[in-house]
Amino acid sequence: MEKSQADEKILSYNDVVLRRSDLDILSGPYYLNDRIIEFYFSYLSSCHPSQDIILLVPPSIAFWIIQCPATEALKDFLEPLHFSDKTLVMFPINDNDDVNRAEGGSHWSLLAYYRNANLFVHHDSCRGMNTGPAKQLYKAVVGYMGFSGSATEASFLECTDSPKQENGHDCGLYVTAIARVICSWHVNSKNTDTNHMWFSAMKERVTPSAVAGMRSEILALIRDLMARHQDIKTRELQLQNKNCVPT
């Protein structure tokens, strides 16, 4: 595909702009990029009525938090996100360590904070490959997560029992699949068990076949939204033409 076609905008969803090349990524066995993960996180946020207490952080913001060299700049950036008001916060973690390399890195994982347990849980589908950047982010944000006046700092847990990928390109799909399970668990359960939390639901639902199906599922979702947007544009155009007919 020529570059101009690959860069063609195909969908604007909330604050996310998807391009033609994103469909190619989802159509084949390829590593997910930032835009696809940000799109799906934005979609999950729109699906849950409790999104005011659930925050799914876009990949670009998570990356900036990890790489930010200035403590004061980080403080000014994080405070408007109101982490202390959220019950559940999820960060996509990427192993890119070069701020000048757009869409760099080779592995995705998920860091989830659950306030009721005061715990950060790192889910890595490749045996702790992203533990380093996950702990960097944890250390950067942990001071902003607690309730006002709380002296207890949240803990960090590397979940060694997280589902493992069976190839070298599905890590981003594991991030989307686990994030979906956590959101569903939070919305539909009583959330009283802070020892097991969403772990059993994750084991049951995040299987290799379910993760593989996420590609076609996300692709179908994007195509459906594209069709809806096109229908709206068509109706608007028809209405404009009708209003322009001379009387």
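Higher on the page you've got the structure.
So, here's what we can say about the structure. This structure is a prediction, so every number in the text was calculated from the model and none was measured.

**Regarding the environment of Tyr 31**
Then step 1. Inspection of the secondary structure puts Tyr 31 in the loop between α2 (20-27) and α3 (34-47).
Then step 2. Judged by its relative accessible area of 23%, Tyr 31 is partly exposed.
Then step 3. C-alpha of Tyr 31 to C-alpha of Asp 170: the two residues are 139 residues apart in sequence and 6.3 Å apart in space.
Then step 4. When residues no more than four places from it in sequence are discounted, the contact partners of Tyr 31 are Ile 25, Asn 94, Gly 104, Gly 105, Ser 106, His 107, Trp 108, His 169, Cys 171 and Arg 215.
Then step 5. A polar side-chain atom of Tyr 31 sits 3.3 Å from the main-chain amide nitrogen of His 107.
Then step 6. A distance of 3.3 Å separates a polar atom in the side chain of Tyr 31 from a polar atom in the side chain of Trp 108.

**A few points about the sheet that holds strand β5 (residues 108-114)**
Then step 1. Taking strand neighbours across the sheet as the criterion, the five strands line up as β3-β4-β5-β6-β7 in an open arrangement whose pairing is mixed. Two strands close off the open sheet at either side, each with one partner strand: β3 (54-56) and β7 (155-158). Each neighbouring strand pair of the sheet contributes to a mean axis angle of 20°, computed without reference to strand direction.
Then step 2. One ladder, built from five bridges, connects β5 with strand β6 (residues 119-123); its direction is antiparallel. Following the sheet pairing, Tyr 113 is matched in β6 by Phe 120.
Then step 3. Sheet strands touched by helix α4 (residues 59-67): β4 (88-94) and β5. Its angle to β4, the strand with the most contacts, is close to 75°.
Then step 4. Helix α7 (residues 171-188) contacts β3, β4, β5 and β6 of the sheet and is inclined by roughly 20° relative to β5.

Rules of the game
- Residues numbered from 1 in each chain as written.
- Predicted model: local features only at pLDDT ≥ 70, side-chain atom pairs only at ≥ 80, totals over all residues.
- Heavy atoms only, no water.
- Helix = DSSP H or I, 4+ residues; strand = E, 2+ residues; numbered from the N terminus.
- Buried < 20%, exposed > 50% of the residue type's maximum accessible area, 1.4 Å probe, protein only.
- Contact = heavy atoms within 4.5 Å.
- Polar contact = N/O pair within 3.5 Å; in protein donor to acceptor, adjacent residues only side chain to side chain.
- Pairing = 2+ DSSP bridges.
- Axes fitted to C-alpha atoms, helices over the stretch in contact; angles between N-to-C directions.

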